[in-house]
Amino acid sequence: MKRILIVGAGGQIGTELVPYLQKHYGYDNVVAADLRDDMVAKMSEMAITEKLDILDINAFEAVVKKYNIDAIFNMVALLSATGEKNPELAWKINMGALLNSLALAKEYKTALFTPSSIGAFGENTPHDDTPQDTVMRPNTIYGVCKVSGELLSDYYFTRFGVDTRSVRFPGIISNGALPGGGTTDYAVEVFYEVLKHKHYTCPIPPDTYMDMLYMPDALNAITQLMEADPTKLVHRNSFNITCMSFTPTQLFEKIKQRIPDAVFDYDVDPVKAQISASWPNKLDDTCAREEWGWNPQWDIDAMVDDMLDKISKKL
Ligand code: AKB
């Protein structure tokens, strides 16, 4: 990886991935692209930036050629809860972004990172210690896109030798840009609400387990996998990774230990409740550990301390 293009760079992961990759690969070797004018303006203060609609393959190709790109990070996604509001749009954006990325990765022989998600699993998947290779029949359009994306990435690897790599991200907890439209967003929102108002109303049922990852581990996962020895990678579709799994009740308990007067209640969103119930309780990430050395560093207590510290400073 010498010349990197991050598409969808203005999102929750992209905004932190850009400086992280700059630090590792050099400022001049990282190009940040996004569709949104406000994001492009913001990012241009800290990175080489391009305004780009990834669905416009000619414009996308021009950027790949202009910077002689050899690794594409496709971070464009319409997430699970928003996807249910407009399934056709979710398919168009999620699959359009991936198909164009695969076509250009094939043509220009670039590596390609595209995140999959715990959303690729569904009701029939074993929920505890969800295996790497198992039943994948999601009942959200987001999940359908993710499974299709995993299959396509496998296909481009075996048929054309495209260097496709991917992880199944759990909910990502971070204190930079906010997530938007996801089912796991509550685990970020709660910190802002509690610090601002000492009160949070949760849309997820209290006892629903979901896997989560703190952003520093997510950034490590991406670069570690992209740098991994290709001969060691048995799996090309996407790797299960996780570092913690908790319910809203358990997370709120941890916050309450630190902010005793914080108040939590529930106003369950039926769509989010259905989605979260269909997702795993906890992934088995043995393959990622064995094939490329995945080794997360953060646990729930360290994450809660760091989130409260960083967000209170920011507010
Ligand atoms: C979502 O909740 O949709 C995402 C995800 C787990 O992929 N954060």
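Note that the structure is predicted; figures quoted are calculated from it, not measured. (Residues numbered from 1 in each chain as written. Predicted model: local features only at pLDDT ≥ 70, side-chain atom pairs only at ≥ 80, totals over all residues. Heavy atoms only, no water.)

Student: Mind showing me how you'd approach the overall build of the protein here?
Tutor: Across its full length, the protein holds 12 helices and 16 strands. For a compact globule of 315 residues, the expected C-alpha radius of gyration is about 20 Å, and the protein comes in at 19 Å, within 12% of that figure. Overall, the C-alpha framework of the protein stretches about 55 × 45 × 35 Å when taken along its three principal axes. In the protein, buried positions account for 56% of the 315 residues. Of the contacts made within the protein by residues no fewer than 6 positions apart, 79% connect residues no fewer than 24 positions apart. Considering the protein, the positive charge centre built from 30 side chains and the negative charge centre built from 43 side chains are found 5 Å apart. (Helix = DSSP H or I, 4+ residues; strand = E, 2+ residues; numbered from the N terminus. Rg over C-alpha atoms; globule rule 2.2 N^0.38 Å. Buried < 20%, exposed > 50% of the residue type's maximum accessible area, 1.4 Å probe, protein only. Contact = heavy atoms within 4.5 Å. Lys, Arg positive; Asp, Glu negative; His and termini not counted. Charge placed at Lys NZ, Arg CZ, Asp CG, Glu CD.)

Student: I keep staring at helix H9 (residues 248–258) and nothing clicks. Help me out?
Tutor: A turn of α-helix holds 3.6 residues, and therefore any two residues three or four places apart point the same way. Buried residues of H9: Pro-248, Leu-251, Phe-252 and Ile-255, and no others. Viewed end-on, H9 has its buried residues packed into an arc of 95 degrees, placing them on one side of the element. Where H9 is buried, its residues meet helix H7 (186–197), strand S11 (199–202), strand S14 (244–246), strand S15 (263–266) and helix H12 (300–314). (Arc of directions from axis to C-beta.)

Student: It is not clear to me how the pairing of S11 should be interpreted in this structure. Could you clarify?
Tutor: The two faces of the sheet receive side chains in turn, since in a regular strand these alternate between them. Residue alternation in S11 divides its side chains into a buried set, Tyr-200 and Cys-202, and an unburied set, His-199 and Thr-201. For S11 and S15, the ladder comprises four bridges, and the chain directions are parallel. Within the sheet, the bridge partner assigned to Tyr-200 lies in S15 and is Phe-264. (Pairing = 2+ DSSP bridges.)

Student: How do you make sense of the packing of H9 against H12 when you look at a structure like this?
Tutor: Helix-helix packing is characterised by the crossing angle of the two axes and by the distance between the axes. At their nearest, the axes of H9 and H12 sit 10 Å apart, and the two run at 55 degrees to each other. Taken as axis vectors, H9 and H12 run oblique relative to one another. Judged by the twist between their axes, the crossing of H9 over H12 is right-handed. The residues of H12 that touch H9, namely those facing Leu-251, Lys-254, Ile-255 and Arg-258, are Ile-300, Asp-301, Met-303, Val-304, Asp-305 and Leu-308. Its residues assigned to classes, the contact of H9 with H12 comprises six nonpolar, no polar and four charged. (Axes fitted to C-alpha atoms, helices over the stretch in contact; angles between N-to-C directions. Parallel < 35°, antiparallel > 145°, perpendicular 65-115°, else oblique. Left-handed = near helix turned anticlockwise from the far one by under 90°. Nonpolar A, V, L, I, M, F, W, Y, C, P; charged D, E, K, R; others polar.)

Student: So what exactly am I meant to see when it comes to the pairing of strand S4 (residues 71–74) here?
Tutor: Across the two faces of S4 the burial is the same, with Ala-71 and Phe-73 and Ile-72 and Asn-74 all buried. Pairing geometry for strand S1 (residues 4–7) and S4, over four bridges, is parallel. Its bridge partner lying in S4, Ile-4 is registered against Ala-71. Bridge count between S4 and strand S5 (residues 111–113): three bridges; the pairing is parallel. Pairing of Phe-73 across the sheet is with Phe-113, part of S5.

Student: Can you walk me through the nonpolar core in this structure?
Tutor: General note: in soluble globular proteins, nonpolar side chains tend to be found buried as a group. One finds Phe-73, Tyr-186, Phe-191, Leu-251, Trp-292 and Met-303 to be the most contacted residues of the largest nonpolar core, which totals 71 residues. Mapping this core onto the domain boundaries places at least three of its residues in each of domain 1 (4–169 + 215–240) and domain 2 (172–212 + 244–314). In this structure Phe-191 touches Ile-173, Leu-251, Ile-255, Met-303, Val-304, Met-307, Leu-308 and Ile-311, once residues within four positions along its chain are discounted. Core analysis: the second largest hydrophobic core is formed by 26 residues, Ala-33, Leu-78, Leu-102 and Leu-104 among them. (Core = buried A, V, L, I, M, F, W, Y, C linked by side-chain atoms within 4.5 Å. Domains from an automatic or database assignment.)

Student: Even after reading the chapter, I still don't get the side chain of Asp-211, so can you show me in this structure?
Tutor: With respect to the helices, strands and loops of the structure, Asp-211 is situated in strand S12 (residues 210–214). Of the side chains with opposite charge, Lys-282 lies nearest to the buried Asp-211, which makes no salt bridge, at 4.8 Å. Sequence-distant contacts of Asp-211, that is, excluding residues within four places in its chain, are made with Ile-118, Pro-170, Gly-171, Thr-242, Met-244, Ser-245, Pro-280, Asn-281, Lys-282 and Leu-283. (Salt bridge = Lys/Arg side-chain N within 4 Å of Asp/Glu carboxyl O.)

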